[in-house]
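# Examining the three-dimensional arrangement
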Amino acid sequence: MFYKSTRNSSIKVQSAEAITQGISEDGGLFVPESIPSLTLDEVEKIAGMSYSERAAYVFGKFLTDFTEAEIRYCTDNAYSTKNFETESIAELAELFDGTYMLELWHGPTCAFKDMALQILPYFLTTSAKKINLDKKIVILVATSGDTGKAALEGFKDVPGTQILVFYPEDGVSPMQKRQMTTQLGSNVGVCAVKGNFDDCQNGVKAIFTDKEIKEKMNNAGLMFSSANSINWGRLVPQIVYYISSYATLAKNGDIKLGDKINVVVPTGNFGNILAAYYAKKMGLPVNKLICASNINKVLTDFIQTGVYDRNRDFYATCSPSMDILISSNLERLLYIITGQDDAQIKEWFGALAKEGRYEVSDEVKKVLSEEFYGGFCDDAQTKATIGEIYKKYSYTCDTHTAVAVKVYNDYKKETGDDTKTIIASTASPYKFSASVLEAIEGKTSDMDEYDMVNKLSELSDIPVPEALANLKDRERRFSDSIEKSEMNSYVLKDFGLE
Ligand SMILES: *Cc1c(COP(=O)(O)O)cnc(C)c1O
């Protein structure tokens, strides 16, 4: 299996190369040249396996340049109870009749990013070995909160790697800040930037493409790679849990093998829902893919009209991991839907970079509206939904997941579709205690984040994740705070390149 660049189909590499490079040198994203198939017999077969074995089975179809032993090394290390609080790794909880929460947040940082970032370091170091890369891999991350912490936990003390995370000083929740600044590990670094997430992201992009830094890195035996969802190594692990949860539902008799299900995903960068689309294209019986956005609803508009337009106000919401106006992974979807029309993709994404807007053809619009349903809700509706679920089902969910539940309710009302449904639950409610408490109690609280966690644990059936409880007594290790203009020199100093 080869991987092609979405902007130049003649660039072809194997998965080890795609994973170490992160992004293609022409700016395109790596995409498998064809989508491998999955039969119902295979789904039945994997239902009898552990999560690690299920993952290995799926990876065998995509990472064809990896040996079976290499894949098992990666999955066994990543998907064990060493790292995850539940044996099943991805937990399924029935919310109400035929509607299941796919809890993807039982990993070390309590957000679904762990599902991919626990295994990415193993993919990356194995890939580097396979292509005889003799450089140390440096992971540079700009984060709005969840990715940074999940990447730090994944890469901490991994030999042959080093990681540095930039976060906006006032742009993350208190819990997220504490999670990052107390990070353990000998190869990790964390630095606050006086600016917003875009400043961090632009700074990191500029460092990636800085010729002088690149040369110095090269001379010092270092190379950059990416832990963002533009890296195929982050996307492929997300395909697994859709297949795995379907297999579990069939095994438990909740559905019959072959029955279609809907999948609802609270969406930002379009990575998680794209993984569900891949699962469907492989052959998993999926009916509708429901794409839920917060008030930054660029994707809802796109699915409904075929016009992608980022020229609009940006809102900071109570579901911050979905506050995004450029959903990178849409590029992969459009590459598939257009039949790998690289020239067309280059044109659209060139227009997005230049004018902030592009419009797809009528054919593509038709496919989009057949496969996807797009909806959104605002913060008031998000909080009302958390309160409603809590009262009706005694279930506590976080702000991102609540957006998905609300949009799913709207979808059901609009269509009357009663197909059984999986809702991706992307973060532990304890990570966003302030908003969740406010939603349940109907008033804001002036407690500190730990008192809020304790209060929430009195109200909720969900135990406080150990990973968050442990932070309270952890020493703060990182307190650097810099201007956005100082990011370059900070990197040079941090990696000893001056
Ligand atoms: C990253 C994130 C999302 C958005 O996922 P995408 O793959 O970027 O669409 C949703 N919820 C939470 C909690 C996240 O951390």
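Summary of the structure given here. (Residues numbered from 1 in each chain as written. Predicted model: local features only at pLDDT ≥ 70, side-chain atom pairs only at ≥ 80, totals over all residues. Heavy atoms only, no water.)

Turning to the overall build of the protein chain, a few remarks are in order. For the protein chain, the helix and strand inventory stands at 22 helices and 16 strands. Scaling as 2.2 N^0.38, a compact globule of 498 residues should have a C-alpha radius of gyration of about 23 Å, and the protein chain matches this with 21 Å. Taken over the C-alpha atoms alone, the protein chain extends approximately 60 × 55 × 45 Å along its principal axes. The buried share of the protein chain, reckoned over its 498 residues, is 58%. A sequence separation of at least 24 residues applies to 74% of the contacts in the protein chain between residues at least 6 apart. (Helix = DSSP H or I, 4+ residues; strand = E, 2+ residues; numbered from the N terminus. Rg over C-alpha atoms; globule rule 2.2 N^0.38 Å. Buried < 20%, exposed > 50% of the residue type's maximum accessible area, 1.4 Å probe, protein only. Contact = heavy atoms within 4.5 Å.)

Packing of helix α7 (residues 146–155) against helix α8 (residues 174–181) leaves a shortest axis separation of 9 Å and a crossing angle of 25°. It follows from the interaxial angle that α7 and α8 lie roughly parallel. For α7 against α8, the interelement crossing comes out left-handed. Listed contacts from α8 to Asp146, Gly148, Lys149 and Leu152 of α7 are Gln176, Gln179 and Met180. The residue inventory of the contact of α7 with α8, partitioned by class, reads 2 nonpolar, 3 polar and 2 charged. (Axes fitted to C-alpha atoms, helices over the stretch in contact; angles between N-to-C directions. Parallel < 35°, antiparallel > 145°, perpendicular 65-115°, else oblique. Left-handed = near helix turned anticlockwise from the far one by under 90°. Nonpolar A, V, L, I, M, F, W, Y, C, P; charged D, E, K, R; others polar.)

So, about helix α22 (residues 487–494). Buried residues of α22: Met487, Tyr490, Val491 and Leu492, and no others. Positive phi appears at Gly496, one or two residues downstream of α22, with a value of about 60°.

Quick look at the sheet that holds strand β2 (residues 8–13) now. Pairing within the open sheet is antiparallel, and its 3 strands lie in the order β2-β1-β3. In this open sheet, the two edge strands, each paired with only one partner strand, are β2 and β3 (30–32). When the angles between neighbouring strand axes are averaged without regard to direction, this sheet yields 40°. (Pairing = 2+ DSSP bridges.)

To continue, consider the site of the ligand. In the neighbourhood of the ligand, 15 residues make up the surrounding shell, with Lys113, Asp146, Gly268, Asn269 and Thr426 lying closest. Residue Asn272 places a main-chain N or O atom 2.9 Å away from an oxygen atom belonging to the ligand. For the ligand, the protein covers 96% of the area, taking 390 Å² as the surface of the free molecule. Broken down by class, the residue content of the shell around the ligand amounts to 5 nonpolar, 8 polar and 2 charged. (Near = heavy atom within 4 Å. Polar contact = N/O pair within 3.5 Å; in protein donor to acceptor, adjacent residues only side chain to side chain. Areas by Shrake-Rupley, 256 points an atom, 1.4 Å probe, with all protein chains shown as cover.)

Quick look at the sheet that holds strand β9 (residues 222–225) now. Pairing in this open sheet of 5 strands is parallel, and the strands run β9-β6-β7-β8-β16 from one edge to the other. What marks the edges here is a single partner per strand, and that holds for β9 and β16 (481–483). With strand direction ignored, the average angle separating the axes of adjacent strands in the sheet is 30°. Across the sheet, α7 is in contact with β6 (136–142), β7 (161–168) and β8 (188–194); its angle to β7 comes to roughly 165°.

Take Arg477: it is sitting in the loop between α21 (466–469) and β16. In this structure the C-alpha to C-alpha distance between Arg477 and Tyr242, which are 235 residues apart in sequence, comes to 37 Å. Discounting chain neighbours no more than four positions away, the residues touching Arg477 are Thr181, Thr182, Gln183, Leu184, Gly185 and Val188. Polar side-chain contacts of Arg477 include one of 3.0 Å to the backbone oxygen of Gly185.

It is worth spelling out the pattern of salt bridges at this point. Tallying each qualifying case throughout the model produces 21 salt bridges. The partner of Glu331 in a salt bridge is Arg7, with the nearest N and O atoms 2.8 Å apart. A residue pair is termed long-range when its members are at least 10 positions apart, and Glu331 in helix α14 (residues 330–337) and Arg7 in the loop between β1 (3–5) and β2 qualify at 324 residues. Assessed through its relative accessible area of 23%, Arg7 is described here as partly exposed. Lys61 is the partner of Glu42 in a salt bridge, and the nearest nitrogen-oxygen pair spans 2.8 Å. Of this pair, Glu42 sits in helix α2 (residues 40–46) while Lys61 sits in helix α3 (residues 51–62), and the two are 19 residues apart along the sequence. Each of Lys149, Glu153 and Lys156 takes part in salt bridges that share partners, so that together they form one network. (Salt bridge = Lys/Arg side-chain N within 4 Å of Asp/Glu carboxyl O.)

For β6, a buried count of 6 out of 7 residues is recorded, marking the element as mostly surrounded by other parts of the structure. Pairing of β6 with β9 involves 4 bridges; the strand directions are parallel. Bridged to Lys136 within β9 is Leu222. Relative to β7, β6 runs parallel, the two being bridged by 6 bridges.

Moving on to the nonpolar core. One finds Leu63, Ile239, Tyr242 and Tyr358 to be the most contacted residues of the largest nonpolar core, which totals 107 residues. Here this core takes 12 residues from helix α11 (residues 232–251), the largest share from any one element. Contacts of Leu63, omitting those with residues within four sequence positions, involve Tyr3, Ser15, Ile19, Ile71, Phe123 and Trp232. Counting 37 residues, the second largest nonpolar core, distinct from the first, contains Ala93, Met322, Tyr395 and Ile423. (Core = buried A, V, L, I, M, F, W, Y, C linked by side-chain atoms within 4.5 Å.)

What follows covers the state of the cysteines. One pass over the full model with this rule turns up 0 disulfides. Counting only cysteine sulfurs, Cys397 is the nearest neighbor of Cys110, a cysteine outside any disulfide, at a range of 15 Å. (Disulfide = S-S within 2.5 Å.)

So, about the pairing of β8. β8 sits mainly inside the fold: 6 of its 7 residues count as buried. Bridge count between β7 and β8: 6 bridges; the pairing is parallel. Bridged to Pro168 within β8 is Val193. Note: β8 against β16, 3 bridges, orientation parallel. Counted as the bridge partner of Ala192 is Ser481 from β16.

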